[in-house]
Amino acid sequence: MEALTKDLWIFVETKEDGSARNVGIELMNPGRGLADKQGGALVAVIIGDQVEEAVKAASAHNADKIIVVEGPEYKDFTTDAYVEAMYHLITKYGPTTLMIGATPNGRDFGPRLACRLKTGLTADCTALDIDEETGDMAWTRPAFGGNLMATILCSNTRPQIGTVRPGVFKKAAEVAPHAEIIKEDYHVALEMIRTELIKVIKDAAAEIVDLEGADIIVSGGRGVGGPEGFAPVKALADALGATVGASRAAVDSGWISHAHQVGQTGKTVAPKLYIACGISGAIQHQAGMSGSDCIVAINKDPEAPIFDIANYGIVGNLFEVLPLLTAEVQKLKA
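Predicted, not measured: the structure shown is a model, and the values here were computed from it. (Residues numbered from 1 in each chain as written. Predicted model: local features only at pLDDT ≥ 70, side-chain atom pairs only at ≥ 80, totals over all residues. Heavy atoms only, no water.)

**Q** How should I be thinking about the overall build of the protein chain in this particular structure?
**A** Looking only at helices and strands, one finds 10 helices and 15 strands in the protein chain. In terms of C-alpha radius of gyration, the protein chain reaches 21 Å, essentially the compact-globule figure of 20 Å for 334 residues. Its C-alpha atoms put the protein chain at 60 × 50 × 40 Å along the principal axes. The burial tally for the protein chain puts 52% of its 334 residues in the buried class. Of the roughly 15,700 Å² that the protein chain leaves accessible, carbon and sulfur atoms contribute 52%. Separation between the mean location of the 30 positive side-chain charges and that of the 43 negative ones in the protein chain comes to 2 Å. (Helix = DSSP H or I, 4+ residues; strand = E, 2+ residues; numbered from the N terminus. Rg over C-alpha atoms; globule rule 2.2 N^0.38 Å. Buried < 20%, exposed > 50% of the residue type's maximum accessible area, 1.4 Å probe, protein only. Areas by Shrake-Rupley, 256 points an atom, 1.4 Å probe, with all protein chains shown as cover. Lys, Arg positive; Asp, Glu negative; His and termini not counted. Charge placed at Lys NZ, Arg CZ, Asp CG, Glu CD.)

The structure is reproduced here in structure tokens:
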């Protein structure tokens, strides 16, 4: 389809209580500058049931317009209902770009919508820009197992669609709400929704491990040597009030659950402080944590790649270093 506007849309996914998931609000930050470059409006699109809190959040984070579709059929995410609603909105308003958070729902929703629209989709992006020569969105994502970063343009079809990892961007400071609220009365017949949510079984570990929202993360890698090696990592995390993370090597070895994994195939995080313990710093891991404000690396190998991006480095045995750090933190708290 042809773009009718130069507007940039951000799908603001909602939680069960109607509030916004972090990634949608995070995307409002780069979205503001990208919409200005495109010469269009920054539009938040919210689909759900009783989504007043999500509307307030989008309005306080630079949205020019907020399009809201509400109804009981949207309370729980279903691919059929959400794709039908978004397809209706896009064909009516004609945005040039749509950004979706790469959450489990977003990764299901985006490809189905792109197929319906006969347009392209760039998945799992970690950087965004506007190409100066073409004016197209430049979507950057890891490629070839994370060994290089590819920048992809979608020049021939509209809208340009991409999913963006949570935690890649930080929320902007709140502003005075000024968004125009557009309420679309669009409903999907129940017979069109081929799936029914019967029961939600919470993953207890995933509920407890909030890596994306953590201010401090202490992560362990292959260097911890085994599941018992996470004991000093967890002790330091407890002392700091931090969340425990892990590299893929530690997770694949079965030493800690996948809910803790940071990196290309785990969570993308951007805490104020990231402490990497026994992590070599392969590019796949760096892709998930290089946006941290301050990185402290502890590794006995002085040539480990993690030191290339660390603000502070300690060359030493983590089993000697971590107890010392934990003791010092506890002294400061006493």
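**Q** What is the right way to read the pattern of salt bridges from this model?
**A** Any two side chains of opposite charge can pair if their charged atoms end up close together. Under the criterion given, the structure shown has 15 salt bridges. Across the pair Glu 13 and Arg 21 runs a salt bridge, and its minimum N-O distance is 3.2 Å. Given the relative accessible area of 26%, Arg 21 is considered partly exposed. The closest approach of N and O atoms between Arg 32 and Asp 36, which form a salt bridge, is 2.9 Å. Pair noted here: Arg 32 and Asp 36 are both in helix H1 (residues 22–38), with a separation of four residues, about one helical turn. The buried category is assigned to Arg 32, whose relative accessible area is 17%. Shared partners join several salt bridges into a network, and the residues in it are Arg 32, Asp 36 and Asp 64. (Salt bridge = Lys/Arg side-chain N within 4 Å of Asp/Glu carboxyl O.)

**Q** Explanation requested: the layout of surface pockets in the structure shown.
**A** It is the rolling of a water-molecule-sized probe over the atoms that shows where space remains empty. In this structure, the second largest pocket occupies an estimated 460 Å³ of space. Lining the second largest pocket are 27 residues, and of these Arg 222, Ser 247, Ala 249, Ile 279 and Ser 280 sit closest to its centre. Tallied by class, residues from the lining of the second largest pocket come to eight nonpolar, 15 polar and four charged. (1 Å grid on protein atoms, 1.4 Å probe; cavity = no way out; pocket = protein on both sides within 12 Å on 5 of 7 lines; lining within 4 Å. Points joined across faces, edges and corners; volume = space filled by probe spheres on them. Nonpolar A, V, L, I, M, F, W, Y, C, P; charged D, E, K, R; others polar.)

**Q** Which parts of the structure should I look at to understand the packing of aromatic side chains?
**A** What describes a pair of aromatic rings is the distance from one ring centre to the other and the angle between the planes of the rings. Under the definition given, this model contains seven aromatic pairs. Consider the rings of Phe 11 and Tyr 82, whose centres lie 6.3 Å apart with planes at 85 degrees: the pair is edge-to-face. Of the two residues, Phe 11 is situated in strand E1 (residues 8–11) and Tyr 82 in helix H3 (residues 79–93); the sequence distance between them amounts to 71 residues. Each member of the pair, Phe 11 together with Tyr 82, is buried. Ring geometry for Tyr 74 and Tyr 82: centres 6.0 Å apart, planes at 85 degrees, overall edge-to-face. Residue Tyr 82 is classed as buried on the basis of its relative accessible area, which comes to 4%. These aromatic residues form a ring-pair network of at least three members: Phe 11, Tyr 74, Phe 77, Tyr 82 and Phe 109. Over the face of the ring belonging to Tyr 87 we find Arg 116, whose NZ or CZ atom lies 4.1 Å from the ring centre. (Phe/Tyr/Trp six-rings, centres within 6.5 Å; stacked < 30°, edge-to-face > 60°. Lys NZ or Arg CZ within 6 Å of the ring centre and 35° of its normal.)

**Q** Help me understand the nonpolar core in this model?
**A** In summary, soluble globular proteins display a tendency toward joint burial of nonpolar side chains. In this structure, Leu 8, Ile 10, Ile 46, Ile 66 and Met 99 are the most contacted members of the largest nonpolar core, which totals 28 residues. For this core, the secondary structure elements donating two or more residues are E1, H1, strand E2 (42–48), helix H2 (52–59), strand E3 (65–70), strand E6 (127–130) and strand E7 (137–143). With six residues, the single largest contributor to this core is H1. Excluding anything up to four places from it in sequence, Ile 46 contacts Val 12, Thr 14, Val 51, Ala 54, Val 55, Ala 58, Ile 66, Ile 67, Val 68 and Val 69. Counting residues in hydrophobic clusters, the runner-up holds 27 residues, among them Ala 81, Tyr 82, Ile 90 and Val 188. (Core = buried A, V, L, I, M, F, W, Y, C linked by side-chain atoms within 4.5 Å. Contact = heavy atoms within 4.5 Å.)

**Q** Please explain the sheet that holds strand E4 (residues 97–101) as it appears in this structure.
**A** Within a beta sheet, neighbouring strands are joined by backbone hydrogen bonds and run either parallel or antiparallel to one another. The strand order E5-E9-E4-E1-E2-E3-E10 describes an open sheet built from seven strands, whose pairing is parallel. Edge positions in the sheet fall to strand E5 (121–125) and strand E10 (180–184), since each has one partner strand and no second. For this sheet the average axis-to-axis angle between neighbouring strands, irrespective of direction, equals 20 degrees. Here E2 runs beside E3; their pairing, made up of six bridges, is parallel. Paired with Gly 48 across the two strands is Glu 70, which belongs to E3. Contacting E2, E3 and E10, H2 crosses the sheet at an angle of about 170 degrees to E3. (Pairing = 2+ DSSP bridges. Axes fitted to C-alpha atoms, helices over the stretch in contact; angles between N-to-C directions.)

**Q** Mind showing me how you'd approach helix H4 (residues 104–117) here?
**A** Helical geometry note: an α-helix holds 3.6 residues per turn, so side chains three or four residues apart project in the same direction. With 14 residues, H4 should cover 20 Å at 1.5 Å per step; its first-to-last C-alpha distance of 21 Å lies within 8% of that length. Considered for burial, the residues of H4 that qualify are Gly 106, Phe 109, Gly 110, Leu 113, Ala 114 and Leu 117. The arc that holds every buried residue of H4, seen down its axis, measures 125 degrees, which confines them to one face. Opposite the packed face of H4, turned more than 90 degrees from it, sit the exposed residues Pro 104 and Cys 115. Next to the buried residues of H4 lie E1, H3, E4, E5 and strand E9 (160–164). Remark: Lys 118 follows H4 within two positions and exhibits a positive phi of approximately 55 degrees. (Expected span 1.5 Å × (residues − 1). Arc of directions from axis to C-beta.)

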